[in-house]
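Remarks on the overall topology
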Amino acid sequence: MEANFWHDMWANGVVGFHQSDINAYLKNHWSKLELNGDENVLVPLCGKSLDMIWLAQQGHSVLGVELSQKALDEFLAENKLTAEPVALANHCGYKLPDMTLLCGDFFHLTAADCSDINVVFDRAAIVALPPEMRQDYVKHLHSILSRGAQYLLVAMEYDQSKMQGPPFSVSESEIRTLFEPFATVTKVEEFSFSRKGVNTIEKVYLIKS
Ligand SMILES: C[S@@+](CC[C@H](N)C(=O)[O-])C[C@H]1O[C@@H](n2cnc3c(N)ncnc32)[C@H](O)[C@@H]1O
């Protein structure tokens with residue numbers, strides 16, 4: 001999707017993807033990763049997700065990356081957080097004691113920006129991207145993260161001919177095709193439901209590179 005698509009969504013308050021509670025898959029499966037508790041966690045395409053607060057409460061340092069300045073400002077305001085401004089080479093943003101929120105394009109993140117990242121939490125990130133961008137997304141993650149990085153990733157599958165994305169349908173075979181060249185992929189949960197009348201399956205993956 002073009003950046004303007006997302007800027008318009010935020011400007012018009014069309015953010016149905018935002019969850020008013022912590023993601024249940026995150027809470028249920030986070031402990032299945034091999035963690036010491038002090039890992040630095042990347043949340044790509046973070047929106048104003050409360051999951052970042054939960055991750056910080058678990059003792060992690062969080063790096064969120066989001067195109068929309070409005071999303072990050074709402075995140076701070078709605079959670080009554082104060083932050084110092086930061087400016088990196090490709091992103092501006094905010095620094096909090098346990099969190100850095102970068103405003104700008106995920107694809108402009110560099111390996112230097114992510115040198116201390118051990119874990120990625122992807123909820124509504126890969127599924128927000130059309131097929132050709134998903135390949136670039138996984139390639140980019142692989143290129144900026146150190147070997148050994150782990151992922152907790154939530155994707156959904158449905159008949160794409162019955163509904164347009166985003167969120168897009170991202171099948172288990174696509175997840176495996178994208179990640180298995182450099183990582184092991186384990187599906188830990190799947191949950192079926194009807195979304196706008198279309199059968200949908202959410203699948204949760206642990207991915208270890
Ligand atoms: C479907 S939302 C999910 C947000 C969040 N992960 C959540 O669970 O609420 C996708 C978000 O990605 C942001 N986004 C889309 N493309 C991006 C990019 N290339 N770089 C950074 N953020 C991007 C959008 O502005 C939007 O807030």
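Position numbers for residues count from 1 along each chain, tracking the sequence in the order it is written. Selection of residues for local features in this predicted model requires a pLDDT of at least 70, selection of side-chain atom pairs for listing and counting requires 80 or more, and totals for whole chains, interfaces and linings are taken over all residues. To obtain the side-chain values, all non-hydrogen atoms of the structure were used and water was disregarded.

1. A short note on the UniProt feature "binding site: S-adenosyl-L-methionine" (unreviewed entry) in the protein chain
Stated formally: UniProt positions are given in the numbering used here, feature names are shortened, and annotations may be inferred rather than shown by experiment. Secondary structure is summarised from DSSP: a helix means a run of H or I of at least four residues, a strand means a run of E of at least two, and numbering begins at the N terminus for each. Note on exposure labels: buried denotes an accessible area under 20% of the residue type's maximum, exposed denotes more than 50%, and partly exposed covers the range between, all computed with a 1.4 Å probe on protein chains only. In this analysis, two residues are considered to be in contact whenever any of their non-hydrogen atoms come within 4.5 Å of each other.
What UniProt calls "binding site: S-adenosyl-L-methionine" (unreviewed entry) maps, in this numbering, to Trp10, Leu45, Glu66 and Arg123. Assignment of secondary structure puts Trp10 in helix α1 (residues 3-11). On the basis of relative accessible area, Trp10 is assigned to the buried category, the value being 2%. The residues touching Trp10, leaving out its near neighbours within four places in the chain, are Val15, Phe17, Gly47, Lys48, Glu66, Ser68, Lys70, Ala71 and Glu74.

2. A closer look at the nonpolar core
Here is the rule: Here the nonpolar core consists of buried residues drawn from Ala, Val, Leu, Ile, Met, Phe, Trp, Tyr and Cys, with membership extended through side-chain atoms lying within 4.5 Å.
If you look at the biggest cluster of nonpolar residues, it comprises 35 residues, and the most contacted ones within it are Leu42, Ile126, Leu145, Ile175, Phe179 and Ile207. Put simply, the parts of the chain that give this core at least two residues each are β2 (61-66), β6 (117-123), α5 (131-144), β7 (150-158), α6 (172-179) and β9 (198-208). It is β7 that contributes the most residues to this core, five residues altogether. Ranked by size, the runner-up nonpolar core spans 28 residues in total, among them Ala56, Leu76, Leu96 and Leu101.

3. Points about the pairing of strand β3 (residues 84-87)
Our working rule: Whether two strands pair depends on DSSP finding at least two bridges between them.
Examined bridge by bridge, β3 and strand β4 (residues 92-96) share four bridges and lie antiparallel to one another. Within β4, the position partnered with Val86 by the bridge is Gly93. Between β3 and β4, which pair antiparallel one after the other, the connecting turn spans four residues.

4. Overview of the packing of aromatic side chains
Keep this limit in mind: In this analysis, rings of Phe, Tyr and Trp, with Trp reduced to its six-membered ring, are considered paired at centre separations within 6.5 Å, and the interplanar angle assigns stacked below 30 degrees, edge-to-face beyond 60, and tilted for intermediate values. In our convention, an over-ring charge means Lys NZ or Arg CZ found within 6 Å of a ring centre and within 35 degrees of that ring's normal.
Within the structure shown, the criterion is met by eight aromatic pairs. Each ring, one from Trp6 and one from Phe17, has its centre 6.2 Å from the other, and the planes form 70°; the classification is edge-to-face. Separated by 11 residues along the polypeptide, Trp6 in helix α1 and Phe17 in the loop between α1 and α2 (24-29) bring together distant segments of the chain. Judged by relative accessible area, which is 15%, Trp6 ranks as buried. Judged by centre distance (5.3 Å) and plane angle (70°), the ring pair of Tyr151 and Phe179 falls under edge-to-face. Here Tyr151, found in strand β7, pairs with Phe179, found in helix α6; they are 28 residues apart in sequence, far enough to count as distant. Each member of the pair, Tyr151 as well as Phe179, is classed as buried. Three or more aromatic residues joined by ring pairs make a cluster, and in this case those are Phe5, Trp6, Trp10 and Phe17. Geometry around Tyr158 places Arg195 over its ring, the cationic atom sitting 5.2 Å from the centre.

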